Amino acid sequence: MNVAVIGAGPTGLSLAYELTRKGINVDVYERDSIPGGLAKSITLWDEEVEVGPHYLTENLDSGVKDLLRNVIADDQLHRYERKTRIYIDDKFFIYPPGAVNLIKNLGFFKTIQAGFSYMMQIVSPSKDNGSVESFITRNLGTYLYKNFFKEYSEKLWGTPCSTLDESYGKIMIGFGNLTRLQTLKKYFAKKDILEFSKNLYPKGGMNVLWNSLTEKVREQGGTVTFGAVIQQVIAEDKKVKGLQFADGTVKPYDYVISTIPEGIMLRMMPGVPKKIFEDLATIKTRCVICVFLHVEHCDLIDSNSVFIYTNKVIAARITNYNAFRNEAGNDVMSIEYWTSDTDELWLAPPEKIIAVVEKDLKQFKGHEKVKIKDTKIIKLRNAYQVPFPDLKFIKADAANYLKEFNGLLITGRANQTNFNYGMGDALAEGVNKAREIMAKDGITA
C-alpha cells in the first residue's frame, strides 16, 4: 500500500507515524519549510514560541499517549497547570467558567440580576433562531449574554451575534451540546476544570514534538518532503491514482490523505462543480495580527492566556509564554488583534499597531511594570472562518464532493467546524484515521 499525506501538521504527522509504524509506505508533503502547521514554533529572542497558545492536555486518547511515549522522552516535557482567564470590568474570571468564581467577581447585586435573568428564560424563553445571541440568551439569560459574551463575540468575529451560528455559542459557554441543567451542573463541577488544567508542553517548544515525529516517520521508512508543490490529484472514474507535482512528476498512490483546507484541496481535483467554488467564495474569514513583545522581566499576568471580553481593550487575547514553562513573570508575551483585511488596524504601519498595543496594556493594573525591549508583528490572513449559519452547509457540500473519490480522505483541523477542536483532537484524529485505513486493508493496528 502506498499512501500520500498532504500537510505535516499534527494530524498529518500522527497519521504518517501510525501507518509507517506498521510498515506501510507513506510520503508526507508539506509546502512550508518546517513541520507543525499552525502549531509550529518560531524563534524570537532566543526563545521558542508559538503564534498563539496551543494546548496539549494530559487527558489524551490512548493512541496519542502511546505516540507521545515513543517520540518524546518524558523528561523533555513540562507539566503545568493551565490557567486561562477572561478579563472584563477589571476582573479576571476563570475559564472554563466556574460558578463560585463567577459569583465572587460579579458581586451580590449583579449575581441577583444574572440569576433573575436566567430564571426568566426558564419561565418564558426567548425565540430560538439558531444564532449565538438566542442560544446564550436562552441558556444563560439576557444579563450574562449582554454583559459577558456579546462584546467579545462581536470583537472576535466582526459581526453581530444575531448573525453568528449557535454552534459557536455552545463552544463559548464551554461545555458543548448540553441541556441547560447539565450546563448548570458543569459550572459547579470541579472534575472537568481539573482535567482541562493538566497540560503538557515540550521543553524547547512545540517544534520539538513535530521534529521528533518527522524523524520517527523517516526512521520507520516513510518520507517527509518540505517545500512540496502539488499541482493536481490524478483520478480516473472517481478513483485516486496519484499526485502530479509542479515539476510535472507523477507518483502513484493507493490513498491520498489531505489535512489542508478543503478549498485548497478542491483546486487540485478534477471536475469540481462551479457552484462549490462559488459557495466557498462566500465564506467570510478573520485575520489575526499577532504582536510579540520582548519585555523586561515583570509581573503583569500569571495566566497562560487571557481572553479580553471588554471593548475598552481592542485586543482579543494576551498570551504569557513563561506560564507554559512553569516560569514566573513575563518575558515574552503576545497580544492578538482579530480584524478583516480591510480594517484600519490591519492596514496600519507597524508603529501605529505598537501604539495601539501600548494603549491597550495601560488598561491593566501593573502596566507601568511593562518595559518593552523589542517587538515582532506577524500577520495571518484568512486565519479563521466566521461561523455564519451557512458555513456548515457549504463545508459539508465541499466534503461530500471530495468523498466521491475512492482513495481520497479528508481530515484535520482545517476541515472542522468545531471551534473547540484542540491539539489533542488533531493528534487523535490522525491516529484513528490511520487505524481506519489499516482496518479496511486487513492490517491489525
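Summarised in this report is the structure supplied together with it. (Residues numbered from 1 in each chain as written. Predicted model: local features only at pLDDT ≥ 70, side-chain atom pairs only at ≥ 80, totals over all residues. Heavy atoms only, no water.)

1. Some points on the overall build of the protein
Then, in step 1: The helix and strand tally for the protein stands at 15 helices and 20 strands.
Then, in step 2: Computed over C-alpha atoms, the radius of gyration of the protein comes to 23 Å, within 12% of the 22 Å expected from 2.2 N^0.38 for 445 residues, which places it in the range of a compact globule.
Then, in step 3: In the protein, which comprises 445 residues, the share counted as buried stands at 51%.
Then, in step 4: Contacts in the protein between residues at least 24 apart in sequence constitute 71% of all its contacts with a sequence separation of at least 6.
Then, in step 5: A total accessible area of about 20,700 Å² is found for the protein, and carbon and sulfur atoms account for 51% of it. (Helix = DSSP H or I, 4+ residues; strand = E, 2+ residues; numbered from the N terminus. Rg over C-alpha atoms; globule rule 2.2 N^0.38 Å. Buried < 20%, exposed > 50% of the residue type's maximum accessible area, 1.4 Å probe, protein only. Contact = heavy atoms within 4.5 Å. Areas by Shrake-Rupley, 256 points an atom, 1.4 Å probe, with all protein chains shown as cover.)

2. Some details on the nonpolar core
Then, in step 1: Leu68, Trp210 and Leu213 are the most contacted members of the largest nonpolar core, which totals 49 residues.
Then, in step 2: Sorting elements by how many residues they give to this core places helix α15 (residues 423–440) first, with seven residues.
Then, in step 3: When sequence neighbours within four positions are dropped, the list of residues in contact with leucine 213 reads Leu13, Ser14, Tyr17, Leu67, Val71 and Leu427. (Core = buried A, V, L, I, M, F, W, Y, C linked by side-chain atoms within 4.5 Å.)

3. Describing the environment of alanine 323
Then, in step 1: With respect to the helices and strands, alanine 323 occurs in the loop between β17 (317–320) and β18 (330–339).
Then, in step 2: The class for alanine 323 is buried, based on a relative accessible area of 12%.
Then, in step 3: Considering only alpha carbons, one finds alanine 323 and glutamate 81, 242 residues apart in sequence, at a separation of 8.6 Å.
Then, in step 4: Other than its neighbours up to four places away in sequence, alanine 323 contacts Tyr80, Asp302, Ser303 and Asn304.

4. A look at helix α2 (residues 62–71)
Then, in step 1: Of the residues making up α2, those classed as buried are Gly63, Val64, Leu67, Leu68 and Val71. Axial view of α2: buried residues confined to an arc of 135°, hence all on one face. Facing away from the buried side of α2, by more than 90 degrees, are the exposed residues Ser62 and Arg69.
Then, in step 2: Packed against the buried residues of α2 are α1 (10–20), β5 (56–57), β9 (198–202), α9 (207–219) and α15.
Then, in step 3: The backbone nitrogen of glycine 63 has a side-chain oxygen 2.7 Å away, supplied by the residue at the start of α2, namely aspartate 61. (Arc of directions from axis to C-beta. Polar contact = N/O pair within 3.5 Å; in protein donor to acceptor, adjacent residues only side chain to side chain.)

5. What to know about unusual backbone geometry
Then, in step 1: For tryptophan 45, which is not a glycine, the phi torsion comes out positive at approximately 55°.
Then, in step 2: By the secondary structure assignment, tryptophan 45 is in the loop between β3 (41–44) and β4 (47–50).
Then, in step 3: Here aspartate 90, not a glycine, exhibits a phi torsion of approximately 60°, which is positive.
Then, in step 4: Here aspartate 90 is to be found in the loop between β7 (84–88) and β8 (91–95).

6. Here we look at the pattern of salt bridges
Pairs can form between side chains of opposite charge once their charged atoms are near each other.
Then, in step 1: Going through the model one piece at a time under the given rule, you end up with 19 salt bridges.
Then, in step 2: Residue glutamate 215 is joined to arginine 218 by a salt bridge in which the shortest nitrogen-to-oxygen separation is 3.2 Å. Here glutamate 215 and its partner arginine 218 are both found in helix α9, three residues apart, which amounts to about one turn of the helix.
Then, in step 3: The partly exposed category is assigned to arginine 218, whose relative accessible area is 35%. (Salt bridge = Lys/Arg side-chain N within 4 Å of Asp/Glu carboxyl O.)

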